[in-house]
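Residue strings, one per chain:
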Amino acid sequence: MTKPESGVIRLLWILALILIAALFDGVLGGNRSSGNVTYDGRSLIINGEHKLLFSGSIHYPRSTPEMWPSLIAKAKAGGLDVIETYVFWNIHEPQQGTYDFGGGRDLVRFLKEVQAQGLYACLRIGPFIEAEWNYGGLPFWLRDIPGIVYRSDNEPFKVRMQNFTTKIVSMMKLEGLYASQGGPIILSQIENEYSMVEKFFNEKGPPYVKWAANMAVSLQTGVPWIMCKQNDAPDPTINTCNGFKCGETFTGPNSPNKPSIWTENWTTYYQVYGGEPYVRSAEDIAFHVALFIAGKNGAFVNYYMYHGGTNFGRSGGAYIITGYYDQAPLDEYGLIREPKWSHLKELHAAVKLCSKPLLYGTKSNISLGIRQDAFVFKTKSRECAAFLVNRGVKDVSVLFQNVTYELPSYSISILPDCKTVAFNTKRASVQYNTRTMKAVQKFDSPEKWQEFNEPIPSFDQTTLRENKLLEQTGITKDSTDYLWYTMRVEQDSPDSQQTLEVGSRAHVLHAFVNGVHAGSAHGAKNESNFYLNNNITLRHGTNNISLLSVTVGLSGSGAYLERRVLGLRRVKIGGKDYSMQPWGYKVGLSGENSQIFLGSGSNDTRWSKLDNSSQPLTWYKTRFDAPSGGDPIALNLGSMGKGAVWVNGWGIGRYWVSFLTGKGEPSQKWYHVPRSFLKPTGNLLVIFEEETGNPVGITLDVVSITKTSLVDAQCT
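Residues numbered from 1 in each chain as written. Predicted model: local features only at pLDDT ≥ 70, side-chain atom pairs only at ≥ 80, totals over all residues. Heavy atoms only, no water.

## A closer look at the confidence of the model for the chain
Step number 1: Mean pLDDT over the chain works out to 94, with 94% of the residues at or above the 70 mark.
Step number 2: Considering only residues more than four positions removed or in separate chains, one finds that residues 20-31, a stretch of pLDDT under 50, has 18 contacts.
Step number 3: With pLDDT under 50 throughout, residues 712-716 is counted as low confidence; its partners more than four residues away or in other chains account for 21 contacts. (pLDDT = per-residue confidence, 0-100. Contact = heavy atoms within 4.5 Å.)

Written out as structure tokens, the structure reads:
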């Protein structure tokens, strides 16, 4: 019977396990040099060797080039073989035919860093990606192409999709980045979770799937193509699984000649404003990875995300918070999150010890109880590995090969020699850690701040006019979150109170009557519209009604994205419908248009002293010096409401501290400021506050990790 080891003995065993696995992987697979990539029903085959691969998603635009080496190194140290990333169409082709691959958009530089650190890459071109990214990664200019229907057997869309896909493949070939050229890319993906919408396109759906696959394969990359969550993926593309529990839910490859690949093992879940963070335990992730490998013959597992990062600027999708997948093994700042990172590292090491039986052995399944079984893999040379599975809610003892093993509830024990437990998915021998935020600079003096009040436009100050309410993004082209709707109301009678009723399909609304704030309202994720109902005072004579409609990212999920509408749908005052009367429109904010967040734009602005009046739609600016050291830093915006932040002209992202969760807490109040955005002294901080936040409560915090006690118990 096995006995529980002491913490010290178990730790020594784990360290030895990792060293042995590393040596074993080197012997079995040689070095990480790329080459010919094929596949069979068991795994990917690289340079003639079957491979069992662990991968992690790191999105290059959600971090900075200065962060990439550290993120990739930590992923490698965590036992990963592959880095997976989407390709973000809308940042690379912001205008049709105009491309941008500079700075944080430098995909080639990112992939070369992956290669330099001895890892493979999986390139998910899409080019539709969803990814909780603005418009699912589609450039907004697509919507203006006559007759276009996205992601359908539609010629206008297919032409643009093929152009971009070809552009990316050509770039990769030119740089020698495909494994067939000696580069790191061993897999590419076309489309993304299309089966979720395929039925909505009726007879235009299946032909599109075939076209996309054939188009991709015709580009002759020399590496396989995958289509995730696409059971009808045509040969030779490989259908793959996304989800929390692919060890249970994956129906398997659609051909016996294709391997089992898990493209997205969700390490947490994306968070929206007003939503609580989803914390997925290390033990649950490890259980389902082991189950996928043993039960589904899994040969490739990718963690989505391994590092989530930051939705800088306006890059996040509808209602998505600025911090993305912060509960991943590497948090938003790139710091290691324990016990998740180390527990998975130990899992990888244990599985790699089983590589030869898993990849070359024969599999058998043995019942060990009502909800317990063993997956056993044996080679002809009698090498043996076993996965003992307990799917029950209670700890049990099981008899396997005349030896009794203790299996905690809902856990899997891995036996690389069919005798000794090298790892159990529910037992961690790692240190827990805690992330600490320490204020190193306060902006608590009004003298440190200057302000500029955003002008409230009236109908007479607009040049774009229409006798109806226009759809918002059709006017803004998604160049800004903001669109002013203005009109005039004549009041013949004395001053009186009326009810203002506005229905909107945008995300936020701020109403002003004669330049005075008259109320605000907002929607929420999964709501198609919201309403503002407020009492207002109309004075005798002409009244100016100014309504600021605000988006918080564009939705990137579902069918027919080109048909989505945003903005105001109906306006009533005192029960009278004003929707079909003369309206004036202004795109964006004056501060945006003058680039007030840049040094030059800021210098041209007439700033005034902070007067603590807390008016809506106010710009604030101050300067600060970079904190010493190299730890990550973040702005604590807990005293603010809703708006956006820039540091030295870099868009840190949207904030929405006032949108509280059900527990009465902000979804996010710390906002990452990458060190590479800073100068040693005199950094310009500009904030646009839509509500009535108080900038003197802002602090600049240093982010660090504090380790806690060594744990030799079940993960919590």
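## Details of helix α4 (residues 107-116)
Step number 1: For α4, the set of buried residues is L107, V108, F110, L111 and V114. Projected down its long axis, α4 carries its buried residues within an arc of 160 degrees, all on one side.
Step number 2: Against β4 (53-58), α2 (68-77), β5 (82-86), β6 (120-126), α5 (155-174) and β7 (185-190) lie the buried residues of α4.
Step number 3: Of the residues one or two after α4, G118 is the one with positive phi, at around 80 degrees. (Buried < 20%, exposed > 50% of the residue type's maximum accessible area, 1.4 Å probe, protein only. Helix = DSSP H or I, 4+ residues; strand = E, 2+ residues; numbered from the N terminus. Arc of directions from axis to C-beta.)

## A few points about the environment of E264
Step number 1: Topologically, E264 is positioned in strand β10 (residues 260-266).
Step number 2: Setting aside residues up to four positions removed in sequence, E264 forms contacts with Y86, R124, N192, E193, C241, N242, G243, N302 and Y304.
Step number 3: A distance of 2.9 Å separates a polar atom in the side chain of E264 from a polar atom in the side chain of Y86. (Polar contact = N/O pair within 3.5 Å; in protein donor to acceptor, adjacent residues only side chain to side chain.)

## Quick word on the sheet that holds strand β31 (residues 583-587)
Step number 1: The 6 strands are arranged β22-β31-β23-β28-β25-β26 in an open sheet whose pairing can be described as antiparallel. Each of the sheet's edge strands pairs with one partner strand only, and the pair in question is β22 (464-466) and β26 (516-522). Averaged over all neighbouring strand pairs, the angle between strand axes comes to 25 degrees, with direction disregarded.
Step number 2: Here strand β23 (residues 482-491) pairs with strand β28 (residues 541-550) via 10 bridges, running antiparallel. Looking across to β28, one finds that R488 is bridged to N544. (Pairing = 2+ DSSP bridges. Axes fitted to C-alpha atoms, helices over the stretch in contact; angles between N-to-C directions.)

## Some thoughts on the UniProt feature "domain: Beta-galactosidase galactose-binding" (unreviewed entry) in the chain
Step number 1: Here the UniProt feature "domain: Beta-galactosidase galactose-binding" (unreviewed entry) sits at residues 617-683.
Step number 2: The span residues 617-683 is 0% helical and 43% strand by assignment, and the distance between its end C-alpha atoms comes to 23 Å. (UniProt positions renumbered as here; feature names shortened; annotations may be inferred.)

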